[in-house]
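Residues per chain are reported as follows:
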Amino acid sequence: MDLPVVIGLLSAALLLHVALASFAYMIRLFRRHKIPFACVHDDPELGLVAKPQPDAPRQFGWAEVESLTGNFAPSAVIGEGGFSTVYLARLPPDAVPVALKLHRSSERLHRAFRQELDVLLRLRHPHIVPLLGYCDDREEGVLVFEFVPNGSLHEKLHGDSSSVLPWARRMAIAYQLAQALDYLHDGCNVQIVHGDVKASNVLLDGRLEPKLCDFGSARVGFSAAVLPRAVHPMLGSPGYIDPHYLRTGMVTKKSDVYSFGVLLLELITGTEAFDSAAERMLTAAVGPALRDPENNAGELVDRRLAGEYDAAEAAAAASMAAACIGANPSLRPSTAELVRGMAEKFCNWLKRALRTKVGHVFSAMMMMTEPAANSRRNLFAKRFEVMSSAYPSFNKEDKIVTTGKLPHELGGMESSASLMMNDAGRK
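Since we're looking at a predicted model, the values are computed, not measured. (Residues numbered from 1 in each chain as written. Predicted model: local features only at pLDDT ≥ 70, side-chain atom pairs only at ≥ 80, totals over all residues. Heavy atoms only, no water.)

Novice: Now, about the overall build of the chain: what can you tell me, with residues and values included?
Specialist: Secondary structure summary: the chain contains 15 helices and 12 strands in total. Counting over 427 residues, the chain shows a buried share of 44%. Across the chain, the fraction of contacts at a sequence separation of at least 24, relative to all contacts at a separation of at least 6, is 65%. Of the accessible surface of the chain, which amounts to about 21,400 Å², a share of 56% is contributed by carbon and sulfur atoms. (Helix = DSSP H or I, 4+ residues; strand = E, 2+ residues; numbered from the N terminus. Buried < 20%, exposed > 50% of the residue type's maximum accessible area, 1.4 Å probe, protein only. Contact = heavy atoms within 4.5 Å. Areas by Shrake-Rupley, 256 points an atom, 1.4 Å probe, with all protein chains shown as cover.)

See below:
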């Protein structure tokens, strides 16, 4: 046999052996650390922890839908829009509460339902309302969602509630929504433009964390940016619509960025995006102050907070909002840039406090090379980012540092620190 042929066969056998050995090692690693093969969108920079892929949304029959809603009893209605009605239902056997959205019957609305369903089936993100199931047996399409108990952000900001949404929670909501939009724009297998980002399309769960909903206006892929308005109905809501879209009919990711900027202004000021009585938009009302947002941020902040806010965060948030609603879409930040900017400019107090309390852990982390220790190190880093986003303006830094008392959500941080220190001591 020729020498080159022998060398070629030996090389192929060696490569096959290396590939099989690598695959076997990865299998052992996944089993050892219980790493799921199918995970939702996971990005350490965004503080998202990988979780096993939930069960795929199930398909309901029409008889099931009628049973769940008590034959569409009026007493089960919890919301109503121009083209749909939302019912509160309970799934057997554990009576889990769900929100069941029934679309009106028409050929055009059924197309809109199919479009929304197609988008929702692609999505898995902690700050997007999960789709649990659907029914497409009839022209009246049905979507079944996880029930989100605290209503919408619009109701929380502008309702009659005597409680005022704290500044820290407002900034955490903004950060988490930016994460959700970044996932839509660049984290899915196709790019998705939401098309109707507004406070009433943000639901709040039991911990007042946001869940983006209503994908009836969403556009998927490159075609979303090039199809003229005549092909699709008008996108967006008064006060949130990108003026560039109104002029050109072109939808892009920067259209969502504009709407997010308006929503960020709404969180800062506590003022509705559009005042129907005065027929005035929030962007016009705060326009003069946004010419110098860093120095004028104090004028913008919701008076109901009675001064309980972080001035540096307010200046940073106002500057970001001003950049988002800029006239030139190409100069607006991307959602990835927004997420990075918020992570850098918000949460500074917590990062300093945690470094004071557990700073020695970071040097211990540098000593770790064993996979289990690395896994704990990564878990610690993710928890650090998550807690930083959740408590961006907690003003009791002295209590944290001097007494060692952390909010209860930080218990996992201390556990991780102890585990890592123990691992480092054994090295």
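Novice: Tell me about the pairing of strand 5 (residues 131-135), and please be specific about residues and values.
Specialist: Counting buried positions along strand 5 yields four of five residues, so the element is predominantly enclosed. Two strands pair when backbone bridges link them, and strand 1 (residues 58-59) and strand 5 are joined in this way by two bridges, in the parallel orientation. Paired with Gln 59 across the two strands is Tyr 134, which belongs to strand 5. Relative to strand 6 (residues 142-146), strand 5 runs antiparallel, the two sharing four bridges. Bridged to Leu 131 within strand 6 is Phe 145. (Pairing = 2+ DSSP bridges.)

Novice: Give me unusual backbone geometry: which residues, what numbers.
Specialist: Residue Pro 93 is reached from Pro 92 by a cis peptide bond, and omega for that bond is 5°. Examined against the element boundaries, Pro 93 turns out to sit in the loop between strand 3 (84-91) and strand 4 (96-103). With a phi angle near 60°, Leu 208 is a residue other than glycine that sits in the positive phi range. Residue placement: Leu 208 occurs in the loop between strand 8 (202-204) and strand 9 (210-212). In this structure, Ala 306 takes a positive phi of about 50° despite not being glycine. Inspection of the secondary structure puts Ala 306 in the loop between helix 9 (293-300) and helix 10 (311-324). Judged by relative accessible area, Ala 306 falls into the exposed class, the value being 63%.

Novice: If you had to explain the sheet that holds strand 2 (residues 77-80) to someone new, which residues and values would you point to?
Specialist: In space, the six strands of this open sheet follow the order 1-5-6-4-3-2, with mixed pairing throughout. For this open sheet the edge positions go to strand 1 and strand 2, each flanked by a neighbour on one side alone. Note: strand 2 against strand 3, three bridges, orientation antiparallel. Note that in strand 3 the partner of Glu 80 across the bridge is Thr 85.

Novice: A description of the packing of aromatic side chains should follow, citing residues and the corresponding values.
Specialist: Under the criterion given, the structure shown has three aromatic pairs. An angle of 40° between the planes, with centres 5.5 Å apart, marks the rings of Trp 62 and Phe 72 as tilted. On the criterion of sequence distance, the pair formed by Trp 62 in helix 2 (residues 62-68) and Phe 72 in the loop between helix 2 and strand 2 is long-range, its members being 10 residues apart. Accessibility expressed as a relative area gives 11% for Trp 62, which makes it buried. Each ring, one from Trp 167 and one from Tyr 309, has its centre 5.8 Å from the other, and the planes form 55°; the classification is tilted. Placement of the pair is Trp 167 in helix 5 (residues 167-187) and Tyr 309 in the loop between helix 9 and helix 10, with a sequence separation of 142 residues. Geometry around Phe 60 places Arg 58 over its ring, the cationic atom sitting 4.0 Å from the centre. (Phe/Tyr/Trp six-rings, centres within 6.5 Å; stacked < 30°, edge-to-face > 60°. Lys NZ or Arg CZ within 6 Å of the ring centre and 35° of its normal.)

Novice: A description of the pairing of strand 6 should follow, citing residues and the corresponding values.
Specialist: Across the five residues that make up strand 6, a large majority, four, are buried. Hairpin connection of strand 5 to strand 6: six residues between the antiparallel strands.

Novice: Which residues make up the nonpolar core, and what values do they have?
Specialist: Ranked by internal contacts, the top residues of the largest apolar core, which has 70 residues, are Leu 123, Leu 153, Phe 260 and Leu 264. With 11 residues, the top contributor of residues to this core is helix 5. Excluding anything up to four places from it in sequence, Leu 264 contacts Met 171, Ala 174, Ala 317, Met 320, Ala 321 and Met 342. (Core = buried A, V, L, I, M, F, W, Y, C linked by side-chain atoms within 4.5 Å.)

Novice: Before we move on, could you go through the pattern of salt bridges and cite the residues and values that matter?
Specialist: Evaluated as defined, the whole model comprises 13 salt bridges. Here Glu 64 and Arg 58 are joined by a salt bridge, their closest N and O atoms 2.6 Å apart. In this structure Glu 64 comes out as partly exposed when scored by relative accessible area, which is 32%. Judged by its relative accessible area of 39%, Arg 58 is partly exposed. Shared partners join several salt bridges into a network, and the residues in it are Lys 101, Glu 116 and Asp 214. (Salt bridge = Lys/Arg side-chain N within 4 Å of Asp/Glu carboxyl O.)

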